[in-house]
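Report on the structure
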Amino acid sequence: MNCRQYFLLLFFFSIVLVTPFSNIYASDNNSSDESGEEDYLKSISLEDMFTITITATKRETSVDKTAMAISVLSEGKLKELGATNFDDYMRTIPGVNFSEGLAPGEQDIVMRGVNFPSNRFMLPTVGLYLDEVALSQNGRNPDLNLIDVNRIEVLRGPQGTLYGASSMGGTIRYITNVPDPDLLTTNVNAGVENINDGGTSYRADAVLNYPLIKGKLAARLVGYSEDNSGWIDNVGYIHTGDYEVIDASLAERDYNSEKTSGGRLSFRWLINDDLTADLMFLTHDAKVNGLNDWNPNLIQSGNNGLGFGELSAAARIKEMYRDQVDTSSLTLKYSTQDIEMLWITTDTNRDYIRIEDLSRERHGLDWWVGDFTDAFDYDLDALTDVNGNVRHAFNLRPINWTLLTHELRFSGVDTEKFHWVAGVYYSKADNHWRQSENYPDAGSQYGPFVPFDVPWFYQPSYEGAANGDFLPDQNPAALYGTYANDVWFASDRKEYIEQIAAYGNFTFEISDTLELVLGVRWFDVDIRNEIALSGIFAGSEALVAQAQFDAGEITETEFVNTVLAARSRDYLTETVRTQGEDGFQFMGSVSYDLDDNKMIYLTIAEGYRVGGVNRDIPTRDGSTLPPNFNSDSLISYELGWKSNLFNRLLTLNATVYRIDWKDIQLGLTEETTSFDYNVNAGKAMLEGLEIEFRIKPVNHFEITGALTHLNHRIEDVDAFAVQNGFGGVPGDPIIGVSNENYHIGLRYAFDNASFDSYVRLDWNYVGDRINRYDGDPAAWVEGYDLMNIKYGMIWNKWDLAFYINNVTDERAIIIQAREREGYNYSSAGDPGRVITTRPMRMGFTFGYEF
């Protein structure tokens, strides 16, 4: 740690240890405490986590009386945790695995282990909602800032009947505060933070609630801005063989910095006693200067044998990431004494772009060029143009994602013993995926038309192979020649997903203690993909022709004409592929109240995830890969217990479950091109135990915990997946899923003469997990633990908090990439890039409510 961090640490503990005890004896005899009146800080406890009113079942219920494994984080709890994104709260929830991505919005959320190697063309297994707005997207979820959020509801286990596809592992719901037509309120917050091995970060947010027409119409405005320091240093352009710097012009400290801004504007109009209209607009814009992975091989290698140290990366170009989300929603609610009707319309647009240096990839274009182009300079480890200037490969990936939804929902109480929710749902998603792998000046270099079965056996150089004799009686100069394009691969994919569904959930109170819930959902999904691929890596038509010629199925003339035609249009192939599915999902739950403070329940539920189509990917032998992949599904058996014991001194919730998962969607990689595609690969089984508890041993002191133990394994693997590189076998655990996850939180609140305060400590542990199936011990990622501490106080309308996150500065590996293969096929000693936990962060926040 540097001097500034030591000072902050000393300052933090001085406040924590000195200020509370100045009035500790007086607080024990505080008159307000005797009267049972508690101030704001003392009321922020995990008690509301177990008793708060929720809408997870699409009607209002109390969480402790809902027969469902659900965790709730209230606004007060989020404030205490300092939660502004996924990372700040996910690890406090049982049954949830969460990992950092290359940038915000690329996080992977897994519930109950329902996860397998995936890619951006596969829908997620966890649904994410902001109020009624569905935010889940193929391969990534937007990491919205949690400003002015009333609560977060985390529903564990399949939610197929109420929330449809992509909720087979569970569902996360962000419930925002609605405008209040009776109160004018304003609050502002700001914070400053220092990250170890990085710099200083700043953030600010504000909330304004303004009654436009007293008692009738109100607006609520939320705005936020963050400027976050990076913690990874880019050393610049290095040689991938000896790791020595060739050009340090791109060297930059803390290059993965981030700037995020956004806001939300909402209106509530109480039109009359029965009719309410809610309108919401949201925007979120995250810009990242560099990606969050680094190279462990640089710790001791390079820099003239001295190494570059931890958290060092080697990017040859300016990498960046941007994620912009804009969404709007309209909700009309009509209520009578017996029935409530909701009409919900949402419209979401997300623009995402990432520029990535391909020399850092396991199979980067530098490797391809080095093996297939004479102009590659091995001393410079790069392609050079006619003037000797180096050129570097990069990947450009812009994506636009839009989703329009309409839902008509009815709920009511026909009798005191029967409650119901039913509705119809329609959604239309338009996804535009674009990708190009670029190597400036590569288009002027000689080379074969595709980098497979290259004719180097016939000529000693690529120019000779291009212009010399290759086919009998044929000069292939016109056939091969130069690459002719700097874009080696380009993909333009327009995906349209249209879905309609109808659902119902019915609750029967059989007696005062026995309740039965039945749910059903019918769905129909149509998928259409318009796919255009071009560039030498997309030469599937030419590859098929070559395979046919080698097998004697077509003549030399037919082969040559096919290749010439393909080359004249830059090997462009255009394909339209469709997929359609329909079906039913069911759930049933029975619960029994042992008394007012204890209940037990049994739930059987189904979940599913929509399938899709694959691109027309070229292969070495000209064969074709599966054009489609189907939905996968699971059935879950869950036994749960909820209780408040010893006059609420102990709250204990526990769940045991078994999940049978079949037709698993699995992301594979084509061996030669490294292109992703998906198949349905087999079966898996997961068994788990989840425990949530709160203990209040003495006044003002709480111990909370979330414990998870999981047993998971592959039960069957499809032969095609094994033949095409999937290394898992029956009995292997599921990739990326640990067997143990623990969270323990300690909190103590103090009464002081002029202000009130609290101190809390949170400890999290994530167990070992397998990263890939290749038999290498390095495929396992070790478990890690994280500890956060915080001290907060409030007086009048001010609040102030000091915190240290990752107190021990743990540098645990979250994701370990595969070994890098460079220009000489294997870069010895390069284990591949890693994503690790963020270093220790110290900071303080303050706020004021007008």
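Look up a bit, the structure's there.
Criteria and cut-off values
Residues numbered from 1 in each chain as written. Predicted model: local features only at pLDDT ≥ 70, side-chain atom pairs only at ≥ 80, totals over all residues. Heavy atoms only, no water. Helix = DSSP H or I, 4+ residues; strand = E, 2+ residues; numbered from the N terminus. Buried < 20%, exposed > 50% of the residue type's maximum accessible area, 1.4 Å probe, protein only. Contact = heavy atoms within 4.5 Å. Areas by Shrake-Rupley, 256 points an atom, 1.4 Å probe, with all protein chains shown as cover. Patch = residues over 30% accessible without salt bridge, like charges linked within 9 Å, V, L, I, M, F, W, Y side chains within 5 Å. Salt bridge = Lys/Arg side-chain N within 4 Å of Asp/Glu carboxyl O. Pairing = 2+ DSSP bridges. Phe/Tyr/Trp six-rings, centres within 6.5 Å; stacked < 30°, edge-to-face > 60°. Lys NZ or Arg CZ within 6 Å of the ring centre and 35° of its normal. 1 Å grid on protein atoms, 1.4 Å probe; cavity = no way out; pocket = protein on both sides within 12 Å on 5 of 7 lines; lining within 4 Å. Points joined across faces, edges and corners; volume = space filled by probe spheres on them. Nonpolar A, V, L, I, M, F, W, Y, C, P; charged D, E, K, R; others polar. Polar contact = N/O pair within 3.5 Å; in protein donor to acceptor, adjacent residues only side chain to side chain. Expected span 1.5 Å × (residues − 1). Arc of directions from axis to C-beta.

Helices and strands together make up the secondary structure of the chain, namely twelve helices and 46 strands. Among the 850 residues that make up the chain, the fraction classed as buried is 56%. Of the contacts formed within the chain by residues at least 6 apart in sequence, a portion of 71% connects residues at least 24 apart. Element-wise, carbon and sulfur atoms account for 55% of the exposed surface of the chain, whose accessible area totals about 33600 Å².

Right, let's get into a nonpolar patch on the surface. Where nonpolar side chains cluster on the molecular surface, the patch consists of Val590, Tyr592, Leu594, Ile600, Leu602, Leu639, Val656 and Leu689 and spans about 610 Å² of accessible area. Listed by contribution, the elements that provide at least two residues to the nonpolar patch are strand E28 (573-595) and strand E29 (598-609). Considering each element in turn, the nonpolar patch owes the most residues, three residues, to E28. With respect to the helices, strands and loops of the structure, Leu594 is situated in strand E28.

This paragraph deals with the sheet that holds strand E21 (residues 376-377). Strand order in this open sheet of three strands is E21-E22-E23, and the pairing throughout is antiparallel. In this open sheet, the two strands that pair with only one neighbour each are E21 and strand E23 (390-391). Summarising the sheet, strand E22 (residues 382-384) and E23 pair through two bridges and their orientation is antiparallel. Looking at E23, one finds that Thr384 is bridged to Val390.

A few words now on the packing of aromatic side chains. Following the criterion strictly, the structure yields 19 aromatic pairs and no others. On the numbers, 6.4 Å between centres and 15° between planes, the contact of Trp763 with Tyr765 is stacked. Linked through ring pairs, Phe116, Trp661, Phe726 and Tyr773 together constitute an aromatic cluster. Sitting over the ring of Tyr163, Lys58 keeps its end group 4.8 Å from the ring centre. Positioned above the aromatic ring of Tyr425 is the side chain of Arg521, whose terminal nitrogen or guanidinium carbon lies 5.7 Å from the ring centre.

Moving on to the environment of Trp798. Mapping Trp798 onto the fold places it in strand E43 (residues 798-805). Since its relative accessible area comes to 38%, Trp798 is described here as partly exposed. The spacing of Trp798 and Tyr848 is 50 residues in sequence and 4.7 Å in space, taken between C-alpha atoms. Residues in contact with Trp798, not counting those within four places in the same chain, are Met793, Gly847 and Tyr848.

This next bit is on the sheet that holds strand E8 (residues 149-156). Sheet architecture is open: five strands sit in the order E3-E8-E9-E6-E7, paired in mixed fashion. Among the strands making up the open sheet, the edge pair consists of strand E3 (70-74) and strand E7 (133-134). With two bridges connecting them, strand E6 (residues 126-130) and E7 associate as antiparallel partners. Paired with Tyr129 across the bridge in E7 is Ala134.

Mapped onto the elements of the fold, Asn653 is located in strand E33 (residues 650-662). When the C-alpha atoms of Asn653 and Ile600 are compared, they prove to be 9.7 Å apart, with 53 residues separating the residues in sequence.

As a further point, take the pairing of strand E19 (residues 320-335). Taken together, the 14 bridges between strand E17 (residues 275-288) and E19 define a ladder with antiparallel strand orientation. Within E19, the position partnered with Ala286 by the bridge is Asp323. What sits between E19 and strand E20 (residues 339-357) in their antiparallel hairpin is a turn of three residues.

Moving on, we get to empty space enclosed by the protein. Scanning the entire structure with this criterion turns up 14 cavities of 30 Å³ or more. Along the walls of the second largest cavity sit 31 residues, with Ala134, Ala165, Leu403, Tyr425 and Gln499 positioned nearest its centre. Of all the secondary-structure elements, those providing two or more residues to the lining of the second largest cavity are E6, helix H7 (160-163), E20, strand E24 (394-415), strand E25 (418-438) and strand E26 (487-509). For the lining of the second largest cavity, the element with the most residues is E24, which contributes five residues. Classifying every residue of the lining of the second largest cavity gives 16 nonpolar, ten polar and five charged.

A positive phi angle is found at Lys58, which is not glycine, with a value near 65°. You can call Lys58 buried: its relative accessible area is 11%. The backbone of Asn806 shows a phi angle near 55°, a positive value even though the residue is not glycine. Mapped onto the elements of the fold, Asn806 is located in the loop between E43 and strand E44 (813-816). For Asn806, a relative accessible area of 5% translates into the label buried.

Structurally, Arg354 can be placed in strand E20. A distance of 3.1 Å separates the side chain of Arg354 from the side chain of Glu356, its partner in a polar contact. Leaving out residues up to four positions away in the same chain, Arg354 has contacts with Leu102, Glu106, Leu291, Met320, Tyr321, Asn395, Leu396 and Arg397.

With that out of the way, let us pick up the pattern of salt bridges. With the rule as written, the count across this model stands at 39 salt bridges. Between Glu153 and Arg173 there is a salt bridge whose closest N-O contact spans 2.7 Å. Here the residue Glu153 occupies a position in strand E8, and Arg173 occupies one in strand E9 (residues 170-176), the gap between them amounting to 20 residues. In this structure Glu153 comes out as buried when scored by relative accessible area, which is 0%. A salt bridge links Lys318 to Glu252; its shortest N-O distance comes to 2.8 Å.

Another point: helix H11 (residues 556-568). Here H11 is 13 residues long and its end C-alpha atoms lie 18 Å apart, about the 18 Å a rise of 1.5 Å per residue gives. Every buried residue of H11 is accounted for by Phe559, Val560, Val563 and Ala566. What you see down the axis of H11 is that its buried residues fit within an arc of 135°, all on one side. Across from the buried face of H11, at angles greater than 90 degrees, the exposed residues are Thr557 and Ser568. Taken from the residues just after H11, Asp570 is the one with a positive phi, measuring 60°.

Structurally, Arg760 is set in strand E39 (residues 756-766). Using a relative accessible area of 4% as the deciding quantity, one classes Arg760 as buried. A distance of 2.6 Å separates the side chain of Arg760 from the side chain of Glu80, its partner in a polar contact. In this view, Arg760 contacts Lys77, Glu80, Leu81, Leu746, Arg747, Asn788, Ile789 and Lys790; residues no more than four positions away in its chain are not counted.

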